[in-house]
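# Coordinates in review
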Amino acid sequence: MNRLRALGALDLRDETGRELRTLLAQPKRVALLVYLSTATPRSFHRRDSLVALLWPELDTEHARNALRQALHFLRNGLGAGTLTARGAEEIAIAAEHLAVDVIDFETALDAGQLEHALELYRGDLLPGFFISEAPVFERWLDERRATLRGRAAAAAWELSRRAEAATDRAAAIHWGRRAMLLAIDDETGVRRLLELHLRLGDRRGALRAYQDFAAQLRKEFEVEPSAETQALIAGARTPVPAQSPPRPPDAVPAATSTVPESTPLLLPRPTTPTTAWTPRRLAAAFVGLVFVILTISMASRRADPGASSARAVTVLPFPVRGRPDLAYLREGMVDLLSAKLDGVLGLRSVDPRAVLAAVQQSPDSGHLMSPERAGEIADRLGASYFVVGDIVEIAGRVNVNGALYRGSRRLAAASAAGESTQLFQLVDDLTGQLLVPLSEGRDTALTRLAAVTTHSLPALKAYLDGERALRLGNEAQAGTAFRSAALLDTAFALAQYRLALTATWVTVPEVSDPAEWADRAARNASRLSPLGRDLLDAYRAYKGLQLEEAENAYRAITESHPDNVEAWLMLGETRFHYIPLLGRSPAESRLPFERALALDPGNPHALLHLARLAARQGWTDRLNAAADDYLTRYPRSERALEMRALQAYNRRDSLGRAAVLSEAMGAGDYALSSLLIDAAWYAQDLRAARPLIESVMSITTNQMALILDQRVASELGLMSGRWGLDGLDDLPEKTLNHAWLLESQALLASEPFFEIPTAQARALRDSLAAVRPYGAAAYPVWGGAQNRVLGPLMQHYIVGLLGVRLGDTAAVARSAAALAAATDMKLARTAQSLRRGLRAEVARARGDFRSALAEIESFDFGTSTRERNISH
């Protein structure tokens, strides 16, 4: 049977899976085929109506001749039985000869199979397709698109309603968001999603959904959400009243309201703190402050948690015999076939990384694995099903063989053969055959999951190269490979997501903003599996500093997919880097990283972070265990030098420090910056960091690395307990970023616990106010003026904080007014958040701690990456 896919993309294939491109080369031929096969009701169509529909610009004779030619071409390409006639004037498509995803979608809806229907609905009918000289067809296509989209949205809302009734909060929000996105131009759907978030107690999710919708309206139509929608979200922005702590009988009650906009900024008389700040205490406080500041500036279908492993499937490596250039498929088939099987007929694929880690411990890992040995590995990974197979290349043709087992019982044997360029079709065919015994009567052709990955073999090979590089701890190499895959197939959502994730950890050439690639992946999310979409959504929350949402999302994935290495790693990442912003300790990241390591022994990312965590906490034994394990497994990886540096600086080993510095001088900018960070941030060996500066900065050329190095260098004096440039004034001008040093000094001086003479605080305030900021239109993301002067928003904010410290009500009011006057859309959200921070400090200085907390709780952490770079 031929198959036509018209939802989300256009694809036509014959019964063997061969793509029928020539039939889709002419737009009116495409329009005729789609109209005949999807118009409702399904019936015969008169030739006169088809002519009027598609060839209105031609006279009758030429139009009917064009129709005859188009029908002749379709009949030859699809087979004589595909087109059927009733008399001389009526034409129809024979349903038994052409399967159409549009009809399958509507049939599933009518049968109540809502989730299956939404799997089929990958996007609009013929997206981007139009025929300007056929306005009647254009109107029909618009109406048909709207009808299908509306039915899909209604199905998603119904699934959301059912999930909410079943108290499955995550699923209710997932389907609600899907429904809203399907009808994004219908603001009632947006309000319905906001109400769902609020009913479920998710105020942050409601605010984020509103902000995303409002931003899209401004970008596309330059309008604001309706008054009704704004009124609805205003309730979500109202701070939840805090519970008053117990107070002694004679205590005076605290004020209960936030600082109103019209309230004068009246401040108490300044007082001098009595806390004695030693250099050691100052260094500890400042290292924490610097870590939080730099972290902010640099960041930019859930299944049933109680589901058992009864439907989990493990795909073992496929040994390859024949051409050496196909060797990549040994591990590649684990990734590819796992992606194909995941989510089909209730199956859940075990994470390929956990599988490959387990296989490496097997003595027969390079050969076709026996069912007994494969069953042992599947049992260890908690899977009831497993797949073994091999690939044989003979005279240019590839034979892919596989078998599906449950325990010792073989359920299915499968084989597919063809040219190596037909790899995707071969894997699809193999997948369908393996699933036959599990299909329970369903059409196994529907189990082909080409949308999960890519249709470009070069893109697939680059992607698999990236995955292999990650497993070996070569993150920069992996990023380059993922970028190649994403460029080779611009709709390859999985490669775009992996590129964004990798570029978050390391510098990837020509990738300045990882969030941009995550946005591209989101636009192609229909090509991801449900798990892939969940991981992408969680990453976007992580990258957007939606900290609680990111943590909850990754935790939910670990509950529904407890063997997913990436979810555990990213849960650890979220806690390691961002949890201080929630008032918690980075030490909470240890358990997720250890869980990832248990699933994937020797995982380089987990070992690296456990070593960093151990160095920061002073856990020497744990640091040495993680570092030694890493260096034994990955002695030539990109991060091996960093592991040796962590050990050398933690041990205060002068010979070891000299050795890693000598090696780093030839290793590039990234390795040099890592040394400085290892010494200053993780090992906190500030004396050793000082002599590193000039060596590191003398050869650093990467602009981003240079700025980071300058900032660390500029702050070393403060970290060491010295207020000014003492001990740093001998360094070359290139080494220091005086504007960043001034900002850091002023931020620290604004803290109420920091002891500083009033005259010095006033001098800092005046110096900061005298810096001439550059205009909003000239903001670069990195480098240029950013490297020399202070951004205006931070300037107003910190001047205001020092005004609070000095009791200068007028200066505070001027700073607040300047922040309120920011009208540039790129800066408005940042300005509003900084103004809330300033008002919180005013309330704190008055002793109105409840109002201060309310202002902080309303702080918008959803600022875009570009905004954060601009404001800092």
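Only a predicted model underlies this, so the values are computations on that prediction, with no experimental measurement involved. (Residues numbered from 1 in each chain as written. Predicted model: local features only at pLDDT ≥ 70, side-chain atom pairs only at ≥ 80, totals over all residues. Heavy atoms only, no water.)

What follows deals with the nonpolar core. One broad rule of soluble globular proteins: the nonpolar side chains tend to lie buried together. Counting 117 residues, the largest nonpolar core has Leu-316, Phe-318, Leu-337, Val-387, Tyr-539, Tyr-554 and Met-643 as the members making the most contacts within it. Residue contacts for Met-643: discarding those within four places in its chain leaves Leu-607, Leu-608, Ala-611, Ala-626, Ala-627, Tyr-630 and Leu-631. Leu-23, Leu-36, Leu-109 and Ala-134 belong to the second-largest nonpolar core, a separate cluster that totals 76 residues. (Core = buried A, V, L, I, M, F, W, Y, C linked by side-chain atoms within 4.5 Å. Buried < 20%, exposed > 50% of the residue type's maximum accessible area, 1.4 Å probe, protein only. Contact = heavy atoms within 4.5 Å.)

Attention shifts here to the environment of Tyr-385. Considering the arrangement of structural elements, one finds Tyr-385 in strand E10 (residues 385-394). You can call Tyr-385 buried: its relative accessible area is 3%. Sequence spacing of Tyr-385 and Ala-312 is 73 residues, and the spatial spacing of their C-alpha atoms is 6.2 Å. Among the polar contacts made by the side chain of Tyr-385, one reaches the side chain of Arg-406 at a distance of 3.0 Å. (Helix = DSSP H or I, 4+ residues; strand = E, 2+ residues; numbered from the N terminus. Polar contact = N/O pair within 3.5 Å; in protein donor to acceptor, adjacent residues only side chain to side chain.)

Right, let's talk about helix H4 (residues 101-110) for a bit. Across the ten residues of H4, seven count as buried, placing the element largely inside the fold. Of the positions making up H4, those classed as buried are Asp-101, Val-102, Ile-103, Phe-105, Glu-106, Ala-108 and Leu-109. Residues of H4 that are buried make contact with strand E1 (2-5), helix H1 (27-38), strand E6 (98-100), helix H5 (114-120) and helix H6 (135-165). The positive-phi residue at the C-terminal boundary of H4 is Gly-112, with phi of around 80 degrees.

The next subject is the pattern of salt bridges. Considering all chains together, one arrives at 38 salt bridges under this definition. Of the charged contacts in the structure, one is a salt bridge between Arg-13 and Asp-11, with a shortest N-O distance of 2.9 Å. When its relative accessible area of 17% is taken as the criterion, Asp-11 is described as buried. Between Arg-584 and Glu-588 there is a salt bridge, with its nearest N and O atoms 2.7 Å apart. The class of Glu-588 is partly exposed, set by a relative accessible area of 32%. One salt-bridge network, in which partners are shared between bridges, spans Glu-106, Asp-110, Arg-144 and Arg-151. (Salt bridge = Lys/Arg side-chain N within 4 Å of Asp/Glu carboxyl O.)

Let us now look at the sheet that holds strand E5 (residues 90-93). Taking strand neighbours across the sheet as the criterion, the three strands line up as E3-E5-E4 in an open arrangement whose pairing is antiparallel. Bordering the open sheet on either side are strand E3 (45-46) and strand E4 (83-86), each of which pairs with just one other strand. Packing of H1 onto the sheet brings it into contact with E3, E4 and E5, and relative to E5 it is tilted by some 80 degrees. (Pairing = 2+ DSSP bridges. Axes fitted to C-alpha atoms, helices over the stretch in contact; angles between N-to-C directions.)

Taking strand neighbours across the sheet as the criterion, the three strands line up as E2-E1-E6 in an open arrangement whose pairing is mixed. What marks the edges here is a single partner per strand, and that holds for strand E2 (11-13) and E6. Averaged over all pairs of adjacent strands, the angle between their axes in this sheet comes to 15 degrees, without regard to strand direction. Note: E1 against E6, three bridges, orientation parallel. Opposite Asn-2, over in E6, you have Leu-98 as the bridge partner. Sitting on the sheet, H4 is in contact with E1 and E6, with an inclination near 60 degrees to E6.

In short, the description is geometric, and any link to function would need to be established separately.
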